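# Secondary and tertiary structure notes
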Amino acid sequence: QVQLVESGGGLVQPGGSLRLSCAASGMIFSIYTMGWYRQAPGKQRELVATITSGERANYADSVKGRFTISRDNAKNTAYLQMNSLKPEDTAVYYCYARLREVLTTTPRDYWGQGTQVTVSS
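Now for a description of the structure that goes with this document.

Cut-offs used in this document
Residues numbered from 1 in each chain as written. Predicted model: local features only at pLDDT ≥ 70, side-chain atom pairs only at ≥ 80, totals over all residues. Heavy atoms only, no water. Helix = DSSP H or I, 4+ residues; strand = E, 2+ residues; numbered from the N terminus. Polar contact = N/O pair within 3.5 Å; in protein donor to acceptor, adjacent residues only side chain to side chain. Contact = heavy atoms within 4.5 Å. Disulfide = S-S within 2.5 Å. Salt bridge = Lys/Arg side-chain N within 4 Å of Asp/Glu carboxyl O. Buried < 20%, exposed > 50% of the residue type's maximum accessible area, 1.4 Å probe, protein only.

### Quick notes on the side chain of T115
On the secondary structure map, T115 appears in strand 11 (residues 115-119). From its side chain, T115 meets the backbone nitrogen of G9 in a polar contact 3.3 Å long. Once you skip the residues sitting within four places of it in the chain, T115 turns out to touch E6, G9, L20, A91, V92 and Y93.

### Digging into the state of the cysteines
Enumeration over the complete set of coordinates arrives at 1 disulfide. Here C22 pairs with C95 through a disulfide, and the sulfurs are 1.9 Å apart. When the S-S torsion is -90°, as for the bridge of C22 with C95, the disulfide is left-handed. With a gap of 73 residues between them, C22 in strand 3 (residues 18-25) and C95 in strand 9 (residues 91-101) connect regions that are remote in the sequence.

### Topic: the pattern of salt bridges
As enumerated under the stated definition, the model contains 5 salt bridges in all. Of the charged contacts in the structure, one is a salt bridge between E46 and R38, with a shortest N-O distance of 2.7 Å. Residue E46 is classed as partly exposed on the basis of its relative accessible area, which comes to 34%. When salt bridges with common partners are traced through the structure, they connect R38, E46, R66 and D89 into a single cluster.

Here it is in structure tokens:
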């Protein structure tokens, strides 16, 4: 089965950095888009960053200039480098991928298990 496995979350002080990874595995033909959404307690889920197969990146205004998303197509993996972290970045971060599986023509959406990012002094 297709799975998204994400890692890299943890506790960091304000101003610190974390790097999230998300690896897609399974019988994948093509990954169109990968990225992260996050959800803080009492808040709606919000887009953080996405990157397309053409490596076009999109960021939430709140993270522009601080976060950088990238991908390694050979590894079916995306990375989110998070710098200058703020307490308001605290949330569960969910990896997302829109992909086409082998022997299919219709893309499907997949989600990772989530990883906790806590920014606190």
